[in-house]
Amino acid sequence: MGAMLASCTQDENLAGLTDKNDWKERFISVNVYREAPSTRTDVSDIEGSLVYTWSEGDQLLVTDQSGEQIATLVLNEEDAGETYGTSTGYGELPNNQTLNLNFIYLGNDVSTSGKLETYPINIASQDGQLASLPATDIMSSTQSVTISDNAVWIEEFGLQKRLASAHYTLKFPTGVEMNGEAVTISGEHIYNATSLSLANGE
């Protein structure tokens with residue numbers, strides 16, 4: 001059985017960028033991996049470990065330090081099934097400047113359009129299937145980005161997982177079987193709902 005677990009983190013509000021007179025549409029290309037042993041967003045069970053790879057259509061939300069959406073980057077088709085991937089797109093950015101941008105993954109099949117400054121996450125009800133875990137595999141990273149020649153190129157960086165993945169094996173006495181009963185997982189500092197700040201990806 002697979003499950004997502006949330007633990008509390010401390011929010012940190014950073015100042016937004018107010019002067020955007022020079023911001024124009026620029027090309028953005030980033031090569032991304034996950035900081036844990038393997039990556040997103042399909043999941044399989046290999047020798048008791050959860051192994052993730054990127055999926056076709058995966059999107060990265062790019063925001064500034066006020067949480068305003070800058071761009072949506074889409075995974076290149078040829079990187080589906082790989083443990084790292086290149087995502088590209090266009091966004092409004094200044095030229096010849098360096099600034100901090102947040103790169104946020106909100107889960108498999110989640111559209112990044114129209115998101116608010118805080119993204120609600122509710123994982124209270126899960127079906128326990130490994131294939132369902134990527135739907136809430138929230139990850140993010142803040143990067144110092146230099147825009148030059150009207151483009152952003154980041155050779156490589158990692159996304160930090162914001163929800164923990166857990167793999168449980170339920171063992172019953174001889175003759176006892178599950179028949180669709182609900183399983184409740186609880187513990188100290190484990191929550192079934194939380195939120196993600198789009199201003200810092202935490």
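This section reports on the structure supplied with the text. (Residues numbered from 1 in each chain as written. Predicted model: local features only at pLDDT ≥ 70, side-chain atom pairs only at ≥ 80, totals over all residues. Heavy atoms only, no water.)

1. Quick word on the overall build of the protein chain
Item 1. Each helix and strand in the protein chain was counted, giving zero helices and 13 strands.
Item 2. The linear arrangement of helices and strands in the protein chain, starting from the amino end, is β-β-β-β-β-β-β-β-β-β-β-β-β.
Item 3. Per-residue burial over the protein chain gives 41% buried out of 202 residues.
Item 4. Pairs at least 24 apart in sequence give 76% of the contacts found in the protein chain among residues at least 6 apart.
Item 5. Accessible surface computed for the protein chain: about 11,200 Å², of which carbon and sulfur atoms make up 44%. (Helix = DSSP H or I, 4+ residues; strand = E, 2+ residues; numbered from the N terminus. Buried < 20%, exposed > 50% of the residue type's maximum accessible area, 1.4 Å probe, protein only. Contact = heavy atoms within 4.5 Å. Areas by Shrake-Rupley, 256 points an atom, 1.4 Å probe, with all protein chains shown as cover.)

2. Digging into the environment of tyrosine 90
Item 1. On the secondary structure map, tyrosine 90 appears in strand S7 (residues 84–93).
Item 2. Taking the C-alpha atoms as reference, tyrosine 90 lies 6.0 Å from alanine 71; in sequence the two are 19 residues apart.
Item 3. If sequence neighbours within four positions are ignored, tyrosine 90 has contacts with Glu25, Arg26, Phe27, Ile70 and Ala71.

3. Side note on the pairing of strand S10 (residues 139–147)
Item 1. Strand direction decides the pairing type here: strand S8 (residues 97–105) and S10, joined by nine bridges, are antiparallel. Of the residues in S10, the one forming a bridge with glutamine 97 is isoleucine 147.
Item 2. Relative to strand S11 (residues 151–161), S10 runs antiparallel, the two being bridged by two bridges. Directly across from methionine 139, in S11, lies its bridge partner lysine 161. (Pairing = 2+ DSSP bridges.)

4. Let's talk about unusual backbone geometry
Item 1. Phi is positive for asparagine 96, close to 55 degrees, though the residue is something other than glycine.
Item 2. When you line up the elements, asparagine 96 lands in the loop between S7 and S8.

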